[in-house]
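What follows is the residue order along each chain.
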Amino acid sequence: VQLQAFGGGSVQTGGSLRLACVASGRTFSTYAMTWFRQAPGKEREFVAGIDWRGGSTYYADSVKGRFTISRDNAQNTVYLQMNSLKPEDTAVYYCAAKPGIVSRNENPYEYWGQGTQVTVSS
């Protein structure tokens, strides 16, 4: 599975962005998909994850109620809709894939996208 992330950019506080992660490979629909992010000087952290069916979603407390993860298995794409953005959301966002269930730990993830920069100014 190869992953490519799109949709980053610069917005002001309160703005919105939608990230997309497009996967190649026929097994995409069987993988849990997750977004992580890494801010300058900080460790990479879990943001949101979705199971292979799309029926279960998981969020970090810091983004709950503002971000929504979804997937379209027919398009091999996972999305992260980010609303009410804050300066502390500024980071490089990565999509990742693994078989089985979503993990909030980055270690089990086998496949990673290249990252897309999100910058939120105050």
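Note: the structure precedes this text.
Being a predicted model, the structure only gives us computed values, none of them experimental.

S.K.: What is the right way to read the state of the cysteines from this model?
M.R.: Every disulfide links exactly two cysteines, by a covalent bond between their sulfur atoms. Summed over the entire model, instances satisfying the criterion amount to one disulfide. Through a disulfide, cysteine 21 is tied to cysteine 95; the S-S separation comes to 2.1 Å. Its torsion about the S-S bond being 65 degrees, the disulfide of cysteine 21 and cysteine 95 is classed as right-handed. You can see cysteine 21 sitting in strand 3 (residues 17-24) and its partner cysteine 95 sitting in strand 9 (residues 91-99), a full 74 residues away along the chain. A relative accessible area of 0% places cysteine 21 in the buried class.

S.K.: Just to check I follow, could you spell out the sheet that holds strand 8 (residues 77-82) for this structure?
M.R.: Pairing between the strands of a sheet is mediated by backbone hydrogen bonds and can be parallel or antiparallel. Strand order in the open sheet made by the four strands is 1-3-8-7, with antiparallel pairing throughout. Strands at the two margins of the open sheet, each flanked by one partner only, are strand 1 (2-6) and strand 7 (67-72). Between one strand axis and the next, the sheet turns by 15 degrees as a mean value, whatever way the strands run. Two strands pair when backbone bridges link them, and strand 7 and strand 8 are joined in this way by six bridges, in the antiparallel orientation. In the sheet register, phenylalanine 67 faces strand 8, and the bridge partner there is methionine 82.

S.K.: Just checking my understanding: could you explain the side chain of aspartate 51 for this structure?
M.R.: Following the sequence through the fold, aspartate 51 ends up in the loop between strand 5 (45-50) and strand 6 (57-59). The charged side chain of aspartate 51 is buried without a salt bridge, its nearest counter-charge being arginine 53 at 5.0 Å.

S.K.: How should I be thinking about the environment of glycine 55 in this particular structure?
M.R.: Considering the arrangement of structural elements, one finds glycine 55 in the loop between strand 5 and strand 6. Separated by 16 residues in the primary sequence, glycine 55 and arginine 71 place their C-alpha atoms 9.8 Å from one another.

Procedures and definitions
- Residue indices follow the written sequence of each chain, beginning from 1 at its first position.
- For this predicted model, a pLDDT threshold of at least 70 governs which residues receive local features, and a threshold of 80 or more governs which side-chain atom pairs are given and counted, while totals over whole chains, interfaces and linings are taken from all residues.
- Values shown for side chains rest on all heavy atoms present in the structure; no hydrogens or waters enter the calculation.
- Note on terminology: disulfide denotes any pair of cysteine sulfur atoms within 2.5 Å.
- Every helix listed is a DSSP run of H or I at least four residues long, and every strand listed is a run of E at least two residues long, numbered separately from the N terminus.
- Note on classification: 1.4 Å probe, protein chains only; a residue is buried when its accessible area is under 20% of the maximum for its type, exposed when over 50%, partly exposed between these limits.
- By this definition, two strands are paired if DSSP reports at least two bridges between them.
- To get an axis, a line is fitted to the C-alpha atoms, and for a helix only the part in contact is used. The angle between two axes follows their N-to-C directions and goes from 0 to 180 degrees.
- By the counting scheme adopted, Arg and Lys are positive, Glu and Asp are negative, and His together with the chain ends is not counted.
- We define a salt bridge as a contact between a side-chain nitrogen of Lys or Arg and a carboxyl oxygen of Asp or Glu at a distance within 4 Å.

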